[in-house]
Amino acid sequence: MKDFIKIHNQDNVIVAIREIAAGETVTLEASGTQRQLSVTAAETIPAGHKMAVSDIPAGGEIIKYGFRIGNAKEAVKAGAWVHVHNIKTALGDLLEYTYDPVPAAQQQERRDTAGKQEKEAYFDGFLRKDGSAGVRNEIWVIPTVGCVNSIAQEMAKRANARVRGTVDEVIAFPHPYGCSQMGDDQEHTRTILADLVRHPNAGGVLVLGLGCENSNIGELKRYIGEYDEERVKFLVCQECEDELEEGVRLLDELIGYAAGFTREKISTSKLVVGMKCGGSDGFSGITANPLVGRFSDLLIENGGTTILTEVPEMFGAETLLMNRCASKELFDKTVTLINDFKQYFKDNHQTIYENPSPGNKKGGISTLEDKSLGCTQKSGSALVKGVLSYGERVKEKGLNLLSAPGNDLVASTALAASGAQIVLFTTGRGTPFASPVPTVKISSNSMLAGKKKNWIDFNAGAVLEDASFDEMGQKLFEYVLAVASGEKVCSEKAGYHDMAIFKQGVTL
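Quantities reported herein were computed from a predicted structural model and do not represent experimental measurements.

Cut-offs and rules
Residues numbered from 1 in each chain as written. Predicted model: local features only at pLDDT ≥ 70, side-chain atom pairs only at ≥ 80, totals over all residues. Heavy atoms only, no water. Helix = DSSP H or I, 4+ residues; strand = E, 2+ residues; numbered from the N terminus. Rg over C-alpha atoms; globule rule 2.2 N^0.38 Å. Buried < 20%, exposed > 50% of the residue type's maximum accessible area, 1.4 Å probe, protein only. Contact = heavy atoms within 4.5 Å. Areas by Shrake-Rupley, 256 points an atom, 1.4 Å probe, with all protein chains shown as cover. Lys, Arg positive; Asp, Glu negative; His and termini not counted. Charge placed at Lys NZ, Arg CZ, Asp CG, Glu CD. Core = buried A, V, L, I, M, F, W, Y, C linked by side-chain atoms within 4.5 Å. Pairing = 2+ DSSP bridges. Axes fitted to C-alpha atoms, helices over the stretch in contact; angles between N-to-C directions. Salt bridge = Lys/Arg side-chain N within 4 Å of Asp/Glu carboxyl O. Polar contact = N/O pair within 3.5 Å; in protein donor to acceptor, adjacent residues only side chain to side chain.

**Points about the overall build of the chain**
Summing up its helical and strand segments, the chain has 14 helices and 23 strands in all. Relative to the globule expectation of 23 Å for 508 residues, the C-alpha radius of gyration of the chain, 24 Å, shows essentially globular dimensions. Here the C-alpha coordinates of the chain stretch approximately 80 × 50 × 45 Å along the principal axes. Relative to its full complement of 508 residues, the chain shows a buried share of 56%. Contacts spanning at least 24 positions in sequence make up 73% of the contacts within the chain whose residues lie at least 6 apart. Here the chain displays about 20500 Å² of accessible surface, and carbon together with sulfur accounts for 48% of that area. With 55 positive and 66 negative side-chain charges, the chain shows a separation of 2 Å between the mean positions of the two kinds.

**With respect to the nonpolar core**
Core analysis: the largest hydrophobic core is formed by 94 residues, its most contacted members being Phe315, Leu424 and Ile442. Per element, the largest residue contribution to this core is 8 residues, and it comes from helix H13 (residues 469-484). Non-local contacts of Ile442, meaning those with residues more than four positions away in its chain, are made with Ala288, Val292, Leu424, Phe425, Thr426, Thr427, Phe458, Ala460 and Leu476.

**What to know about the sheet that holds strand E8 (residues 81-82)**
Pairing within the open sheet is antiparallel, and its 4 strands lie in the order E1-E2-E5-E8. A strand with exactly one partner marks an edge of an open sheet, and here the two such strands are strand E1 (4-5) and E8. In terms of strand pairing, strand E5 (residues 50-52) meets E8 through 2 bridges, oriented antiparallel. From the neighbouring strand, Met51 faces E8, where its bridge partner is Trp81.

**Notes on the sheet that holds strand E12 (residues 138-143)**
What the 4 strands build is an open sheet, ordered E13-E12-E14-E15; its pairing is parallel. Each edge of the open sheet carries a strand with a single partner, namely strand E13 (170-172) and strand E15 (232-236). When the angles between neighbouring strand axes are averaged without regard to direction, this sheet yields 20°. Sheet topology places E12 next to E13; 3 bridges connect them, and they run parallel. If you follow Val141 over to E13, its bridge partner there is Ala172.

**So, the side chain of Asp297**
Along the chain, Asp297 turns up in helix H6 (residues 288-301). Arg294 provides the closest opposite charge to the buried, unpaired Asp297, separated from it by 5.7 Å. At 3.3 Å, the side chain of Asp297 forms a polar contact with the backbone nitrogen of Ala382.

**A few points about the pattern of salt bridges**
On inspection of all chains with the given rule, the structure shows 28 salt bridges. With its nearest N and O atoms 2.6 Å apart, the salt bridge here joins Lys503 to Asp185. Linking Lys503 in the segment after helix H14 (490-493) with Asp185 in helix H3 (residues 183-197), this pair joins segments that are 318 residues apart in sequence. On the basis of relative accessibility, which here comes to 3%, the residue Asp185 falls in the buried class.

Listed below in structure tokens is the structure:
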């Protein structure tokens with residue numbers, strides 16, 4: 001295992017893989033025109049944090065991943081710890097962008113390097129009547145309004161005693177919205193709820209309303225569109241004498257319907273995987289995120305689809321995504337995606353670059369550029385084929401960008417609503433949360449994987465030890481197919497199921 005890593009030849013900082021003690025000397029190997037260099041740590045450098053390997057003047061650029069991650073607040077000597085005390089963001093507000101597409105030949109070379117599967121890949125899933133594929137066969141209870149959350153949860157609890165056949169379980173998804181909302185805020189709630197009703201991981205859905213709410217069942221049906229009456233049932237609590245008894249009866253019907261589905265061999269071309277990170281540390285951009293990028297390339301090579309979100313954590317690395325857009329139209333949509341989210345911050349009188357979080361900083365991330373350049377590596381090297389608004393369902397195969405905030409629960413729910421049957425969630429700090437779909441927790445370091453075995457499903461920290469990216473990328477690909485075929489992730493084993501909607505407006 002190495003003591004440190006220099007990510008790019010142009011970097012003027014290295015990342016400590018283990019703590020480097022003050023007075024300890026590290027040696028950088030010669031590469032290209034650069035000679036071998038020895039640097040002595042002027043102070044203790046924590047694991048995951050950065051150390052300067054050359055003198056950087058005040059105002060000078062600090063380079064990591066081959067790109068600027070900020071400017072020095074003061075002169076920084078070689079061997080100094082580089083962190084929030086001596087680096088500041090160099091990002092501005094709304095920007096003008098120029099489309100400078102990455103050459104197609106270079107894209108092909110990157111895809112070939114990522115490693116193409118020799119045979120078409122498959123998973124064992126549930127093929128739905130509309131041609132979509134589910135990786136779970138669950139029954140979902142979707143409340144139209146927060147007033148009926150407790151009823152929804154009690155119905156699910158009672159109905160789980162009746163689960164049979166291939167049905168996994170009955171799950172209620174409580175939320176605090178559906179009424180006292182206005183404008184786009186209310187529209188987004190209705191859109192997300194309708195998206196979940198249509199999700200293929202649900203073999204059956206009970207939509208549970210109160211009766212007097214703004215987003216009542218009548219309204220919601222307009223967003224759902226055509227539906228299979230055997231698969232989707234509706235219940236208005238104010239219109240029946242005993243809503244619990246009636247709800248359990250309807251759930252029993254849905255269980256009987258869903259039990260008729262069995263797992264069958266399905267091409268990965270029907271697999272949609274969301275990509276998200278949270279609680280990132282200094283290793284996230286070195287291990288877990290690029291490993292997910294390797295997975296994304298492999299899935300796309302096999303005809304599948306991936307979705308990258310958390311727009312505020314693209315700031316500072318957005319041009320890397322813009323220049324991989326497959327067309328000028330997609331480039332323009334990506335520019336709008338970025339600038340609209342920046343305007344959202346400005347409209348709410350908030351600082352655009354108030355990021356990273358305290359946990360990120362403790363783990364070694366110093367600026368938003370530092371965080372974003374690591375975050376966007378989850379996108380791999382494929383061309384961007386689609387740009388989605390919040391709540392919009394994925395249409396294009398390949399890599400898609402989705403408008404959603406960085407908040408873990410909100411962004412992961414948005415990925416599910418857009419059609420992801422699975423979410424890959426990378427983390428350096430750890431988290432137990434779940435989402436409406438299986439949420440694979442991928443640790444950036446082995447210490448977290450060993451400490452929180454009840455949270456972490458896959459350890460990307462192994463690439464800092466003896467494992468290669470190619471080997472680990474293939475292992476992650478195979479693991480995701482196993483999850484798609486029914487293997488439970490840690491949060492599912494614990495019985496966790498979360499859902500959160502992006503709140504953007506006033507509450508009446």
